[in-house]
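As a plain string of letters, each chain reads:
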There are 2 protein chains.
Amino acid sequence: MNEGEGAVPHNAPRGAGIREVARQAGVSTATVSRVFNNADSVNLETRQRVMELAASLNYSPSPLGRNLVQGRSSLIGLLVPNLSFPLYGEMIRAVEDVLSAHGMSVLLASSHDDAVTETRAAHNLLRHAVDGGIVINSQAGSGLPTVRGMNWVQVAPELPTVPHRVELDNESGGRLAARELLRCGRRQLAYVGAAGRESADRERGFAAELAQAGLSYRRFMGDYSEASGLMAAETLLKQDGEPSPDGIFAAGDLMAAGVLRTLHLRGLRVPADVAVVGFDDAVIASLLYPRLTSIRQPADLMGQAAAELVLSLLAGRPRPPQIFAPTLVCRESTGPPDQHSPALLSSAAPSPAFSLLEEEP
Amino acid sequence: MNEGEGAVPHNAPRGAGIREVARQAGVSTATVSRVFNNADSVNLETRQRVMELAASLNYSPSPLGRNLVQGRSSLIGLLVPNLSFPLYGEMIRAVEDVLSAHGMSVLLASSHDDAVTETRAAHNLLRHAVDGGIVINSQAGSGLPTVRGMNWVQVAPELPTVPHRVELDNESGGRLAARELLRCGRRQLAYVGAAGRESADRERGFAAELAQAGLSYRRFMGDYSEASGLMAAETLLKQDGEPSPDGIFAAGDLMAAGVLRTLHLRGLRVPADVAVVGFDDAVIASLLYPRLTSIRQPADLMGQAAAELVLSLLAGRPRPPQIFAPTLVCRESTGPPDQHSPALLSSAAPSPAFSLLEEEP
DNA sequence: TTGTAGGCGTTATCAC
DNA sequence: GTGATAACGCCTACAA
């Protein structure tokens, strides 16, 4: 954090400024400025002369001076917990698309999933006089630093004190998962979740839908990692006295990947013996074997909405929080059970058979 | 691209400035400035008074004014082809880490794999007076726009006119892949590549190593997508008269995923019948089934190096291009062949058996 | 339509 | 150690 380091040589030759252009064009700096801003209010001839001269001098207005006098930077801060998490990548992409299409640029920062770092990063964004900010899954929630009416938009579940928000209806995602498993005729269900509000919401929907069908379910709490998914399936299959699950809903695709792997290793077929539903529909979902049925979180649309919301706020037009509905993306990991070999295998007797789920195209 | 939109209300009340602090503290603005910069050269007592006042007025120096007078912005532009490509995510993360640790911020832009968009994005970065820029796999190569000695660092294979560069030794990656397959006793090899310089380099290394062992190989050209990997394996297995391959090197993990899937569907076991090596070692590699052996591209180190290089340039200390060596990450998709059932199955007779590669922990 | 002049918030160069 | 003061590059009333 040794800012600057005295490293930057600020003796770099500055290019031609507005004054030089004005002088050579025989006009005032004001006129040059107008040419680049209110192009209308200036004589066509003068304007062309200025433009040509500017081009030949390779001049364009410095954003630094402009920022200073206007008090804004055309910069939007984007604060992300983890830059290498694929779902965030999709959001970042959508945010950048929308903002750059509106002449704004994205100042990127990462919180490394850490509240202290997040605060520091937020301050850093403010230092650069961002006109607004988007923060994904904030740790601080309403505690984000702010100045002179700074506009923060959050992509996160509801928090009482955060007015500007884009969120996913996690509960209805849980419902979709339950319905899909029920549709496939599964009755022995299990939920693989994790700590935190999102998983809780997903589970609530899942449970509600099952209750409506008069069913209960077993649960295992992991941490969104593949390893915890491995362990989850391991544990669920091992429980003596209980019937082995024939349908598993994992609150994240990575955990679902772990579940699938354990099932393979146990010799259970998917979906013949056990159906699996993931959550997020990240890129990996369709690469798993079998291709994973997942509840899609429309990260692109959410990023887009967040960007549009922040632009709205800048324009002084607040919008109500926007809630996105997840959708079911049906792939190979769900389907009808195999009637001839019900999922009652002992976990001690792995079968080498693995079902082929696709014929060649 | 309707810049600004007249949307931003620039009537926002500006916070207390350096003058107000100076006035209330009974000192000059110069002293206040010194307090925040050369903290040493100011009387301890005065300094404390200023600090307290600044705190109570919630004052901190405006980067805008500072930027203007110093002619730099503490911003580094980062231009990426595709923000949702996982490997780039790792690089972006590394770049942000290094730069933020040095008090610089990251201005992010995407080229959408398009040369025109890239140029526009690069200009946009220049508009914001970035002190330097990093561009990953540039389309334009040396054609990047530049002003007043702007420093661009490229993460890309060698291009004659790009002086500041971080790159991967793709050829040696190809060698590693070949060696691993040879080590596993494979003799019927195939290369699945794609258009472009990177694939060509990887293939060159692969071919060289095989030639040294007196072997030739077959090849298929895809496009880095999973679909093209599917088709590659399909094609390679179908070639009549030729022995079926027992070792496949795919120039990208996604293509390797496609290869694996086709092998599954054909009833071929991995690695018993066919060994597979991918490239990049992206996150998905270890999620595939079986877990994919891959040539690791150290995206984190490369991002870090690019960031450090741009900082060096800013400090007036150029560095020679840095070349990174890929490494072999050995997982389950390579190993000894199964002696009892050599890989000579007809592609028309898929077997339902799928080898279990892991015992439970 | 154009020019004049003041100021945005800061740092840097002098003196003292 | 501190204080005037002059930039930095630009925008924008206001006046012409």
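Before reading on, note that the structure itself is shown above.
What you see as residue numbers is a count from 1 along each chain, following the sequence as written. A letter from A marks each chain and a number from 1 marks each ligand, given out in the order of writing. Thresholds applied to this predicted model are a pLDDT of at least 70 for local features of residues and 80 or more for the giving and counting of side-chain atom pairs; totals over whole chains, interfaces and linings are not thresholded and use all residues. Hydrogens and waters are ignored; side-chain quantities use all the structure's heavy atoms.

K.L.:
Pulling in residues and values, what's your account of the side chain of Ser333(B)?
P.N.:
Residues and elements named next belong to chain B. Only DSSP runs of H or I covering at least 4 residues are called helices, and only runs of E covering at least 2 are called strands; the numbering of each starts at the N terminus. Considering the arrangement of structural elements, one finds Ser333 in the segment after strand E12 (327-329). By relative accessible area, Ser333 is classed as buried at 0%. At 2.8 Å, the side chain of Ser333 forms a polar contact with the backbone nitrogen of Thr293. Setting aside residues up to four positions removed in sequence, Ser333 forms contacts with Val270, Pro271, Val274, Ala275, Val276, Pro290, Arg291, Leu292 and Thr293. We call a residue buried when its accessible area falls under 20% of the maximum for its residue type, exposed when it is over 50%, and partly exposed in between, using a 1.4 Å probe and counting protein chains only. N or O atoms closer than or at 3.5 Å make up a polar contact, with two conditions inside protein: a donor-capable atom paired with an acceptor-capable one, and, for residues adjacent in sequence, both atoms drawn from side chains. Any two residues whose heavy atoms approach within 4.5 Å at even a single point are treated as in contact.

K.L.:
Go over the sheet that holds strand E9 (residues 275-280) of chain A with me, naming the residues and quoting the values.
P.N.:
Residue and element names in this part refer to chain A. In short, DSSP must find at least two bridges between two strands for them to pair. Read across the sheet, six strands follow the order E7-E6-E8-E9-E10-E12 without closing on themselves; strand pairing throughout is mixed. Only two strands of the sheet have a single neighbouring strand rather than two, namely strand E7 (217-222) and strand E12 (327-329). In this sheet, adjacent strand axes meet at a mean angle of 20° when their direction is disregarded. Judged from the three bridges that link them, strand E8 (residues 247-250) and E9 form a sheet pairing that is parallel. In the strand pairing of E9, Gly247 is matched with Ala275. To obtain each axis, a line is fitted to C-alpha atoms, and for helices this fit is confined to the stretch in contact; angles are then taken between N-to-C directions over 0 to 180 degrees.

K.L.:
Any chance you could break down the pattern of salt bridges for me, citing the residues and the numbers?
P.N.:
Residues and elements named next belong to chain A. When a carboxyl oxygen of Asp or Glu is within 4 Å of a side-chain nitrogen of Lys or Arg, the pair counts as a salt bridge. Throughout the structure, instances matching the rule amount to 44 salt bridges over all chains. Among the salt bridges present, the one from Glu198 reaches Arg202, with a minimum N-O distance of 3.9 Å. With Glu198 and Arg202 both in helix H8 (residues 197-212) and four residues apart, the pair spans about one turn of that helix. Taking the relative accessible area as the measure of exposure, Glu198 reaches 24% and is therefore partly exposed. Connected through salt bridges with shared partners, the residues Glu171, Arg175, Arg179, Arg197, Asp201, Arg204 and Glu209 form a single ionic network.

K.L.:
So what's going on with the protein's contact with DNA strand C? Which residues, and what values?
P.N.:
Think of it this way: one heavy atom of a residue within 4 Å of a molecule or strand is enough to make that residue near it. The environment of DNA strand C is made up of 27 residues, and the closest members are Thr31(A), Asn43(A), Thr46(A), Ile18(B) and Ser33(B). Sugar and phosphate atoms constitute 63% of the interface atoms of DNA strand C, taking the interface as everything within 4 Å of the protein. One of the side-chain nitrogen or oxygen atoms of Thr31(A) is found 2.7 Å away from a phosphate oxygen of DNA strand C. Contact distances for DNA strand C include 3.3 Å between a phosphate oxygen and a side-chain N or O atom of Arg66(B). Residue assignment for the surface near DNA strand C shows that the elements contributing at least two residues are helix H2 (29-36) and helix H4 (63-70) of chain A together with helix H1 (18-25), helix H2 (29-36) and helix H4 (63-70) of chain B. Residues are grouped as follows: nonpolar covers Ala, Val, Leu, Ile, Met, Phe, Trp, Tyr, Cys and Pro; charged covers Asp, Glu, Lys and Arg; every other residue, Gly included, is treated as polar. For the surface near DNA strand C, the residue count by class is eleven nonpolar, twelve polar and four charged.

K.L.:
Could you give an account of the packing of H2(B) against helix H3 (residues 44-56) of chain B, naming the residues involved and the relevant values?
P.N.:
Residue and element names in this part refer to chain B. One way to put it is that H2 packs onto H3 with a least axis distance of 10 Å and a crossing angle of 85°. The pairing of H2 with H3 is recorded here as roughly perpendicular in orientation. Residue-level inspection shows Thr31, Val32, Val35 and Phe36 of H2 in contact with H3, the latter providing Thr46, Arg47, Val50, Met51 and Ala54. Classifying every residue of the contact of H2 with H3 gives six nonpolar, two polar and one charged. Small angles under 35 degrees read as roughly parallel and large ones over 145 as roughly antiparallel, with 65 to 115 read as roughly perpendicular and the rest as oblique.

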